[in-house]
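# Coordinates in review
The residues making up each chain are set out below.
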Amino acid sequence: MSGHSKWHNIQAKKGKTDAARAAVFTKIGRELAVAAKGNPNPDTNSKLADVIAKAKAANMPNDNIKRCIAKAAGELGDKDYKELTYEGYGIGGSAVIIKTLTDNVNRTAGDIRSTMGKNGGQMGNTGCVSYMFDNKGVFVIERTAALDEDTMMEYCLEAEAEDYIVSDDVYEVFTTPEKWSQARKYFENKNLTFLEAEIKMIPQNYITLDSEKLETFNKMLDKLNELDDVQDIYHNVELPDDEEE
């Protein structure tokens with residue numbers, strides 16, 4: 001896969017502080033509850049098993065995971081959550097994709113439109129930027145002495161992965177969305193631990209913004225992340241190295 005690893009860059013935006021980690025847990029918790037609704041057994045509910053893998057990769061405690069699954073039968077009640085995707089532009093022509101879980105479409109659309117508009121961006125029509133991204137299943141796996149490159153390559157071939165990137169401390173493995181669950185089960189059977197495990201939108205190319213525009217762009221990301229209905233945000237902005245720590 002072309003391009004260098006973006007994993008540390010993305011992780012920096014997810015978990016710098018305890019507050020940020022708590023926000024991530026809240027969002028994943030809703031995904032767990034929605035996935036578990038109607039069938040809280042991950043052995044027979046593949047989507048729930050996929051979200052559990054994502055939760056564990058984010059270091060979400062097992063007790064939290066169990067509580068979120070239990071909510072599916074109680075707290076969610078008869079709420080009908082919809083998975084909706086919004087597309088738009090940030091400052092400097094940057095491309096932004098926003099994944100949401102919502103029980104009120106009008107509220108969510110209004111909040112996103114307002115937040116983007118106040119921070120140099122604008123919401124666009126479906127398809128306006130998604131063609132700039134590839135939808136991929138992603139696993140980030142720690143590189144260890146026991147898991148050398150030859151072994152990882154063998155695992156990737158057997159799991160029918162599309163590609164993988166070798167970094168100093170991790171392997172990033174990419175699959176099609178259709179093969180992601182199959183690969184997850186394979187890697188779990190090999191007792192591999194995921195540092196990240198999810199299906200995501202990966203930009204085909206990245207753009208750079210000057211410092212002033214980058215500050216505005218990051219403010220927009222922060223405000224969007226604060227919205228309760230927003231689950232994930234993908235974009236094509238190159239973040240500087242000092243934000244990757």
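Just so it is clear, the model here is predicted, and its values are computed rather than measured. (Residues numbered from 1 in each chain as written. Predicted model: local features only at pLDDT ≥ 70, side-chain atom pairs only at ≥ 80, totals over all residues. Heavy atoms only, no water.)

### Focus on unusual backbone geometry
Convention followed: A run of DSSP states H or I qualifies as a helix once it reaches four residues; a run of E qualifies as a strand once it reaches two. Both are numbered from the N-terminal end. Burial classification: accessible surface area is computed with a 1.4 Å probe over protein chains only, and a residue below 20% of its type maximum counts as buried, one above 50% as exposed, and the rest as partly exposed.
Unusually for a residue other than glycine, Asn-59 sits at a positive phi of about 65 degrees. For Asn-59, the location among the structural elements is in the loop between α3 (46–57) and α4 (62–71). For Asn-59, a relative accessible area of 63% translates into the label exposed. Its identity is not glycine, yet Asn-191 carries a phi of approximately 60 degrees, on the positive side. With respect to the helices and strands, the residue Asn-191 is situated in the loop between α7 (177–189) and β7 (194–203). Accessibility expressed as a relative area gives 68% for Asn-191, which makes it exposed.

### Thoughts on the pattern of salt bridges
One side chain can pair with another of opposite charge once the charged atoms of both are near each other. Short version of the rule: Each reported salt bridge corresponds to a side-chain nitrogen of Lys or Arg within 4 Å of a carboxyl oxygen of Asp or Glu.
Across all of its chains, the model carries 13 salt bridges by this definition. A salt bridge links Lys-47 to Glu-83; the nearest nitrogen and oxygen atoms lie 2.5 Å apart. Of this pair, Lys-47 sits in helix α3 while Glu-83 sits in strand β1 (residues 82–89), and the two are 36 residues apart along the sequence. Among the residues examined, Glu-83 registers a relative accessible area of 56% and is labelled exposed. Residue Asp-50 pairs with Arg-184 through a salt bridge whose shortest N-O separation is 2.6 Å. You can see Asp-50 sitting in helix α3 and its partner Arg-184 sitting in helix α7, a full 134 residues away along the chain. Neither Asp-50 nor Arg-184 differs from the other in exposure class; each is buried. Linked by salt bridges that have partners in common, Arg-30, Asp-103, Arg-107 and Asp-229 make up one network.

### Some details on the side chain of Ser-94
Just so we agree on the cut-off: Counting of polar contacts relies on pairs of N or O atoms within 3.5 Å, with two restrictions inside protein: one atom must be capable of donating a hydrogen and the other of accepting it, and residues adjacent in sequence are counted only when both atoms are side-chain atoms. Any two residues whose heavy atoms approach within 4.5 Å at even a single point are treated as in contact.
Summarising the element assignment, Ser-94 is placed in the loop between β1 and β2 (95–102). With relative accessibility at 0%, the residue Ser-94 sits in the buried group. Polar contacts involving the side chain of Ser-94 include one to the main-chain carbonyl oxygen of Ile-91, which spans 3.0 Å. Those residues within four positions of Ser-94 in sequence are excluded, and the remaining contacts are Gly-88, Tyr-89, Ile-207, Phe-217, Asn-236 and Val-237.

### Some words on helix α8 (residues 211–225)
Formally: One less than the number of residues in a helix, times 1.5 Å, gives the span that helix is expected to have. Throughout, the arc means that of the directions going from the helix axis to the C-beta atoms.
For α8, with 15 residues, the first-to-last C-alpha span of 21 Å sits near the 21 Å given by 1.5 Å per residue. For α8, the complete set of buried residues consists of Leu-214, Phe-217, Asn-218, Met-220, Leu-221 and Leu-224. Taken down its axis, α8 places every buried residue within 155 degrees of arc, on the same side. α8 presents Ser-211, Glu-212 and Glu-215 as exposed residues on the side facing more than 90 degrees away from its buried surface.

### Things to note about the sheet that holds strand β5 (residues 163–166)
Quick reminder of the rule: A pair of strands counts as paired when DSSP detects no fewer than two bridges linking them. Between N-to-C directions, angles span 0 to 180 degrees; the directions come from axes that are lines fitted to C-alpha atoms, helices contributing only their stretch in contact.
Read from one edge of the open sheet, four strands run β5-β6-β4-β7, paired in antiparallel fashion. Two strands in the sheet have a free side with no partner beyond their single neighbour: β5 and β7. Across the sheet, the mean angle separating the axes of adjacent strands is 25 degrees when strand polarity is ignored. Where strand β4 (residues 133–142) lies against strand β6 (residues 170–175), six bridges are found, and the strand directions are antiparallel.

### Some remarks on the packing of helix α5 (residues 105–117) against α8
Put simply, the rule reads: Here roughly perpendicular refers to angles of 65 to 115 degrees, roughly parallel to angles under 35, roughly antiparallel to angles over 145, and oblique to all remaining angles. Handedness of a crossing is defined here by the sense of rotation of the near helix relative to the far one, left-handed for an anticlockwise turn of less than a right angle and right-handed for a clockwise turn. Classes in brief: Ala, Val, Leu, Ile, Met, Phe, Trp, Tyr, Cys and Pro nonpolar; Asp, Glu, Lys and Arg charged; the others, Gly included, polar.
α8 packs onto α5 with a crossing angle of 160 degrees between their chain directions and a minimal axis gap of 9 Å. Judged by the angle between their axes, α5 and α8 are roughly antiparallel. α5 and α8 meet at a crossing whose hand is right-handed. Residue-level contacts link Ile-112, Thr-115 and Met-116 of α5 to Met-220, Lys-223 and Leu-224 of α8. For the contact of α5 with α8, a count of residues per class yields four nonpolar, one polar and one charged.

### Some details on the packing of aromatic side chains
Test applied: Side-chain rings of Phe, Tyr and Trp, where Trp is taken by its six-membered ring, are said to pair if the distance between their centres is within 6.5 Å; with planes under 30 degrees apart they count as stacked, over 60 as edge-to-face, and otherwise as tilted.
All told, the structure shown has seven aromatic pairs when counted by the stated rule. Between Tyr-186 and Phe-187 the ring centres are 5.8 Å apart and the planes differ by 75 degrees, which places this aromatic pair in the edge-to-face class. Across the pair, Phe-187 and Tyr-186 agree in class, each one buried. Through a chain of ring-to-ring contacts, the aromatic side chains of Phe-139, Tyr-155, Trp-180, Tyr-186, Phe-187 and Phe-194 assemble into a single cluster.

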